[in-house]
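# Reading the structure
One letter stands for each residue in the lines below.
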Amino acid sequence: MKVPKWPIADGRELELLGEVLASDRWGGYHPFVGQLEQSFAELSRCRHGLAAVNGTVTLEMALEALGIGPGDEVIVPAISFVSTATAVSRVGAIPVFVDIEGDTFNIDPERVRAAISPRVKAVIAVHFGGPMADMTRLAEIARDHDLYLLEDAAHAAGSEWDGSRAGSIGVAGSFSFQNSKVITAGEGGMLTTNNDSVSASARSILDQGRKPNEGWFFHYELGTNYRMTGLQAAVLIAQLERLPHQNAIRARNADVVRRALADLPCLRFQHVPRAASVHTNYLLLGRIPNRDRFHREVTSRGVPCTPFYPHPLYGNPLYQRGGCRVEPCPVSEQCVRDAFWLPHRVLLGSEQDTADLIEVLRGAATAA
Ligand SMILES: Cc1ncc(COP(=O)(O)O)c(C=O)c1O
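Residues numbered from 1 in each chain as written. Predicted model: local features only at pLDDT ≥ 70, side-chain atom pairs only at ≥ 80, totals over all residues. Heavy atoms only, no water.

Each domain of the protein was delimited in the assignment, giving domain 1 (11-238) and domain 2 (243-367). Taking only C-alpha atoms, the centre of domain 1 and the centre of domain 2 are 24 Å apart. Every contact between the two is made by 44 residues of domain 1 and, on the other side, 42 residues of domain 2. Interface of domain 1 and domain 2: buried area, both sides summed, is about 3,400 Å²; carbon and sulfur atoms make up 65% of it. When the buried surface of domain 1 facing domain 2 is broken down by residue, Phe97, Phe105 and Val182 rank first, second and third, together holding 20% of it. Where domain 1 meets domain 2, there are one salt bridge. Connecting domain 1 to domain 2 are 24 residue pairs in polar contact (both at pLDDT 80 or more). Among the elements of the structure, strand E2 (73-77), helix H4 (83-90), strand E3 (94-98) and strand E6 (160-161) are those that each provide at least two residues to the side of domain 1 that touches domain 2. In terms of residue count, E3 provides more of the side of domain 1 that touches domain 2 than any other element does, five residues in total. Across the side of domain 1 that touches domain 2, the residue classes tally to 24 nonpolar, 13 polar and seven charged. (Domains from an automatic or database assignment. Contact = heavy atoms within 4.5 Å. Buried area = accessible area lost by both parts, 1.4 Å probe. Salt bridge = Lys/Arg side-chain N within 4 Å of Asp/Glu carboxyl O. Polar contact = N/O pair within 3.5 Å; in protein donor to acceptor, adjacent residues only side chain to side chain. Helix = DSSP H or I, 4+ residues; strand = E, 2+ residues; numbered from the N terminus. Nonpolar A, V, L, I, M, F, W, Y, C, P; charged D, E, K, R; others polar.)

Time to look at the packing of helix H3 (residues 57-65) against helix H7 (residues 196-206). Remark: H3 packs on H7, axes separated minimally by 9 Å, with the N-to-C direction vectors making an angle of 125 degrees. Comparing their axes, H7 and H3 come out oblique. Regarding H3 and H7, the two cross each other, and that crossing is right-handed. Here Met61, Glu64 and Ala65 of H3 lie close against H7, whose contacting residues are Val198, Ser201, Ala202, Ile205 and Leu206. Partitioned by chemical class, the residues of the contact of H3 with H7 number six nonpolar, one polar and one charged. (Axes fitted to C-alpha atoms, helices over the stretch in contact; angles between N-to-C directions. Parallel < 35°, antiparallel > 145°, perpendicular 65-115°, else oblique. Left-handed = near helix turned anticlockwise from the far one by under 90°.)

With that settled, the discussion passes to the packing of aromatic side chains. This structure, assessed with the given rule, holds 13 aromatic pairs. Ring centres of phenylalanine 128 and tyrosine 309 lie 6.1 Å apart, and the angle between their planes is 55 degrees; on these two criteria the pair is classed as tilted. Residue phenylalanine 128 is found in the loop between strand E4 (120-126) and helix H6 (135-145), and its partner tyrosine 309 is found in the loop between helix H9 (291-300) and helix H10 (317-320); the two are separated by 181 residues along the sequence. Each of the two residues, phenylalanine 128 as well as tyrosine 309, counts as buried. Between arginine 210 and the ring centre of tryptophan 216, over which it is positioned, the NZ or CZ distance is 3.4 Å. In this structure, lysine 211 packs its charged tip against the face of tyrosine 220, placed 4.5 Å from the ring centre. (Phe/Tyr/Trp six-rings, centres within 6.5 Å; stacked < 30°, edge-to-face > 60°. Buried < 20%, exposed > 50% of the residue type's maximum accessible area, 1.4 Å probe, protein only. Lys NZ or Arg CZ within 6 Å of the ring centre and 35° of its normal.)

A separate point is the nonpolar core. One finds Phe40, Ile75, Phe128 and Phe308 to be the most contacted residues of the largest nonpolar core, which totals 58 residues. Residues lining this core come from more than one domain, with at least three contributed by each of domain 1 (11-238) and domain 2 (243-367). If near-sequence neighbours (up to four positions away) are discounted, phenylalanine 308 is found in contact with Ile79, Phe105, Phe128, Leu285, Arg291, Cys335, Val336, Ala339, Phe340 and Trp341. Core analysis: the second largest hydrophobic core is formed by 34 residues, Leu50, Val76, Leu150 and Ala202 among them. (Core = buried A, V, L, I, M, F, W, Y, C linked by side-chain atoms within 4.5 Å.)

A few words on the pattern of salt bridges. Scanning the model with the defined rule gives 26 salt bridges in all. Put simply, arginine 47 and aspartate 196 hold a salt bridge, and the shortest N to O gap is 3.0 Å. One end of the pair, arginine 47, is in the loop between helix H2 (31-44) and strand E1 (48-52); the other, aspartate 196, is in helix H7, with 149 residues separating them in the sequence. Classification of arginine 47 by relative accessible area gives exposed; the value is 53%. We classify aspartate 196 as partly exposed; its relative accessible area is 46%. Residues joined by salt bridges that share partners form a network here, namely Glu101, Glu110, Arg113, Asp134, Arg137 and Asp144.

Below, the structure written as structure tokens:
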């Protein structure tokens, strides 16, 4: 099958990059950075957007801005990219790994409730693959126990839960624009929040401890330089313009694929709750008993497929040495053995490409 390329760019990126290159501000003070922040805040229906170099430091900024540090614990799902946990470790706090739900692949709110200790200060919900985690139940638990609820929305630019956008429900949302994400500048990140003091504090952290409208050489906090460049912002403005259309194409094609393969009882795609029905389709996720054989069959037919993570996050050598708390995670352990994902570019093709994809998945599932 013809697999669409990703990332993609056209004359719009070149035009905007040209504007930055012709200017005398290629760095974080080019007006495109502020423009992107405003557009992304609008997409996320948040008061503030803070652009940064990637979606790992945006998580760290959020935790630091909330005052989370040594002596604190933060609950995270056992299944995510490593940044969700390392951001917690890097501010000096302890990640507490809890299990996911076997159908949505998102953090299990009941497991979150069971893991709460007096030291837990926050929960990070990851919207894995695009559909948002159950923010209704998570927000309720956070409220009951006086915890901060943060969103790792790296996969979820424009996703919704019950009509609210990713990044707008928790105290802050963290997005990634790394190469594989649904909008990308190769690298990049964005923090969204409706909380003015989190925004002011995170802004100061990412810009060398400065305060707005104070002198360049006046530093009020222990900050650093996490500023996104004008060159990244130029590319991302163009990418963001295309996002609604691409989200719609992926949604349409994902629906066609899921319906066409619904008769295969062995192949279970990610369950998308009704409240999460608007989402990015960043990953086409599923589970199948003979996963390794299925993975070999799919890739041998020229379609990219990843056999899930090799272990839950606590299986990484880093966390095998300690520095974390691990709750029982039988579902995560099982997903490591039987889950897979295909990247979103397979959902960006024509009707014929989608028909070919269905054929490949059916053939691979049958052979497995
Ligand atoms: C769930 C999740 N969180 C955080 C990140 C980190 O983002 P970045 O690579 O932009 O640092 C990623 C991805 O790369 C991710 O998938």
